[in-house]
Amino acid sequence: RLTTSFEPIGTSTDQAHYDAACYIDLGHMFADAYLGKTLANYVPKALEINAPSKITLKMGQDYNITTPTVYLDGVAVNAKMSYFSQQHIGFNSNVYSYFSVNNDNSFTPTRVGNTQLKITAYYNHEVRTVLVPVEVIN
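Here goes a summary of the coordinates provided. (Residues numbered from 1 in each chain as written. Predicted model: local features only at pLDDT ≥ 70, side-chain atom pairs only at ≥ 80, totals over all residues. Heavy atoms only, no water.)

1. Details of the overall build of the protein
Alright, step 1. Of regular secondary structure, the protein possesses 1 helix and 12 strands.
Alright, step 2. Moving toward the C terminus, one meets the helices and strands of the protein in the order α-β-β-β-β-β-β-β-β-β-β-β-β.
Alright, step 3. Classification of the 138 residues of the protein by burial places 33% in the buried group.
Alright, step 4. Of the accessible surface of the protein, which amounts to about 8,500 Å², a share of 52% is contributed by carbon and sulfur atoms. (Helix = DSSP H or I, 4+ residues; strand = E, 2+ residues; numbered from the N terminus. Buried < 20%, exposed > 50% of the residue type's maximum accessible area, 1.4 Å probe, protein only. Areas by Shrake-Rupley, 256 points an atom, 1.4 Å probe, with all protein chains shown as cover.)

Below is the structure:
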């Protein structure tokens, strides 16, 4: 679930280092691994995001993102959500999205092909990120 290609629009990535949210996620993974080895009966309290496993759309079709359910220890929580589409940096350094994510939890594909929707949940200092494959067809 750790990625190198997602950063806010207008900034660039070197495609080698993890993006900001993933560094936080990586820290949680290290802590869980360490505590799991050193404390008896340790159970990580990681957020889990219930999201679609794949989204398939026709070019130009709107898709409404139903807010994914977020769980902490099996209990649904009201987490803050962020959505990002994978971005492509063109030859003139402009940033182009494969689809645009709108404020009303919808997005519209801007080109045919495969991409990913990144969903990040924030709750009580916990962060979890999932990537949902998106296939856009003619």
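2. What to know about the sheet that holds strand β11 (residues 113-123)
Alright, step 1. Strand order in the open sheet formed by 4 strands is β2-β12-β11-β6, and the pairing between neighbours is mixed. At either end of the open sheet lies a strand with only one pairing partner, and these are β2 (55-58) and β6 (80-85). In this sheet, adjacent strand axes meet at a mean angle of 25 degrees when their direction is disregarded.
Alright, step 2. Inspection of the sheet shows β6 paired to β11 by 6 bridges, in the antiparallel sense. Residue pairing in the sheet places Ser85 in a bridge with Leu117 of β11. (Pairing = 2+ DSSP bridges. Axes fitted to C-alpha atoms, helices over the stretch in contact; angles between N-to-C directions.)

3. Some details on the sheet that holds strand β5 (residues 75-77)
Alright, step 1. A sheet is described by the order of its strands in space; here 3 strands give the open sequence β1-β4-β5, paired in antiparallel fashion. The sheet terminates laterally at β1 (47-50) and β5, the two strands that pair on one side only. The average angle at which neighbouring strand axes cross in this sheet is 40 degrees, direction not considered.
Alright, step 2. Direction of pairing for strand β4 (residues 69-72) relative to β5: antiparallel, over a ladder of 3 bridges. Residue pairing in the sheet places Tyr71 in a bridge with Ala76 of β5.

4. So, the packing of aromatic side chains
Alright, step 1. If you walk through the whole model with that rule in mind, you get 1 aromatic pair.
Alright, step 2. On the numbers, 5.3 Å between centres and 45 degrees between planes, the contact of Tyr63 with Phe107 is tilted. Taken together, the positions of Tyr63 in strand β3 (residues 63-64) and Phe107 in strand β10 (residues 106-109) put the pair 44 residues apart, joining distant regions of the chain.
Alright, step 3. Owing to a relative accessible area of 21%, Tyr63 belongs among the partly exposed residues under this scheme.
Alright, step 4. For Phe107, a relative accessible area of 0% corresponds to the buried category. (Phe/Tyr/Trp six-rings, centres within 6.5 Å; stacked < 30°, edge-to-face > 60°.)

5. Quick notes on the nonpolar core
Alright, step 1. Counting residues in hydrophobic clusters, the biggest one holds 20 residues, and the most contacted among them are Val70, Phe107 and Leu117.
Alright, step 2. Broken down by secondary-structure element, the contributors of at least two residues to this core are β1, β2, β4, β6, β11 and β12 (126-137). (Core = buried A, V, L, I, M, F, W, Y, C linked by side-chain atoms within 4.5 Å.)

6. With respect to unusual backbone geometry
Alright, step 1. Of note, the phi angle at Asp73 is positive, near 55 degrees, even though the residue is not glycine.
Alright, step 2. By the secondary structure assignment, Asp73 is in the loop between β4 and β5.
Alright, step 3. Asp73 sits in the partly exposed class, given a relative accessible area of 47%.

7. Section: the pairing of β2
Remark: a regular strand shows side chains that alternate across the two faces of the sheet.
Alright, step 1. Burial of β2 is one-sided: the residues Ile55 and Leu57 facing one way are buried, the residues Thr56 and Lys58 facing the other way are not.
Alright, step 2. Sheet topology places β2 next to β12; 4 bridges connect them, and they run parallel. By the bridge assignment, Thr56 is partnered in β12 with Glu135.

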